[in-house]
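# What the coordinates show
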Amino acid sequence: MSLTIFLQGGGSTSTSLLYFLAMFVILYFFMIRPQIKRQKNEKTFQASLNKGAKVITTSGIHGKIVEFNDNDNTCIIETSAGRIKFERSAISLEMTKKLQNPKVKK
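Residues numbered from 1 in each chain as written. Predicted model: local features only at pLDDT ≥ 70, side-chain atom pairs only at ≥ 80, totals over all residues. Heavy atoms only, no water.

### A few points about the overall build of the protein
Where we set the bar: By definition, any uninterrupted DSSP run of H or I lasting at least four residues is a helix, any uninterrupted run of E lasting at least two residues is a strand, and each is numbered from the N terminus. Throughout this description, buried means an accessible area under 20% of the type-specific maximum (1.4 Å probe, protein chains only), exposed means over 50%, and partly exposed covers the range between. Residue contacts are defined here by distance: any two heavy atoms, one from each residue, within 4.5 Å place the two residues in contact. Values of accessible area rely on a 1.4 Å probe in the Shrake-Rupley scheme; residue burial ignores everything except the protein chains shown.
In terms of regular secondary structure, the protein is built from three helices and four strands. Written out in order from the N terminus, the α and β elements of the protein read α-α-β-β-β-β-α. Sorting the 106 residues of the protein into buried and exposed places 20% on the buried side. Nonlocal contacts in the protein, meaning residues at least 24 apart in sequence, comprise 35% of its contacts between residues at least 6 apart. Surface exposure of the protein reaches about 8,500 Å², of which carbon and sulfur atoms provide 60%.

Put into structure tokens, the structure is as follows:
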């Protein structure tokens, strides 16, 4: 009942404010907070990379980390085509986890 009154424009200001606040809380917990958590996990993963790790970049290139350059936050990845220099941020957490932990089919 109060929702239809709110949508029609009637009701008090406190009710309107309450609906707006509830909408913001829902938006925060379902959209903003998971994105922040995902970014934090991605940064932690990229900081914990080490030489010899098999990775997949965000563009889909498979390779093994050969060298790090901490001055400009890059790494060199060896692929079947040769060595390529990438930013650490170009290494994908989700795709690399799938590469390292393949699901066993029964």
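### Comments concerning the nonpolar core
The test is simple: We define a nonpolar core as any set of buried Ala, Val, Leu, Ile, Met, Phe, Trp, Tyr and Cys residues linked to one another through side-chain atoms lying within 4.5 Å.
Core analysis: the largest hydrophobic core is formed by 12 residues, namely Phe45, Leu49, Ala53, Val55, Ile65, Phe68, Cys75, Ile77, Phe86, Ala90, Ile91 and Leu93. Where this core is concerned, the elements lending two or more residues are strand S2 (62-69) and strand S3 (74-79). When residues no more than four places from it in sequence are discounted, the contact partners of Ala90 are Thr57 and Thr58.

### What to know about the packing of aromatic side chains
What counts, and what does not: Planes of paired rings set the category: under 30 degrees apart is stacked, over 60 is edge-to-face and the rest tilted, where pairs are Phe, Tyr or Trp rings (Trp by its six-membered ring) whose centres lie within 6.5 Å.
Summed over the entire model, instances satisfying the criterion amount to one aromatic pair. Here the aromatic rings of Tyr28 and Phe29 are separated by 5.2 Å at their centres, their planes lie at 80°, and the arrangement is edge-to-face. For Tyr28, a relative accessible area of 33% gives the class partly exposed.

### Brief notes about unusual backbone geometry
Not every positive phi belongs to a glycine, and Asn73 is a case in point at roughly 60°. Looking at the element boundaries, Asn73 is found in the loop between S2 and S3.

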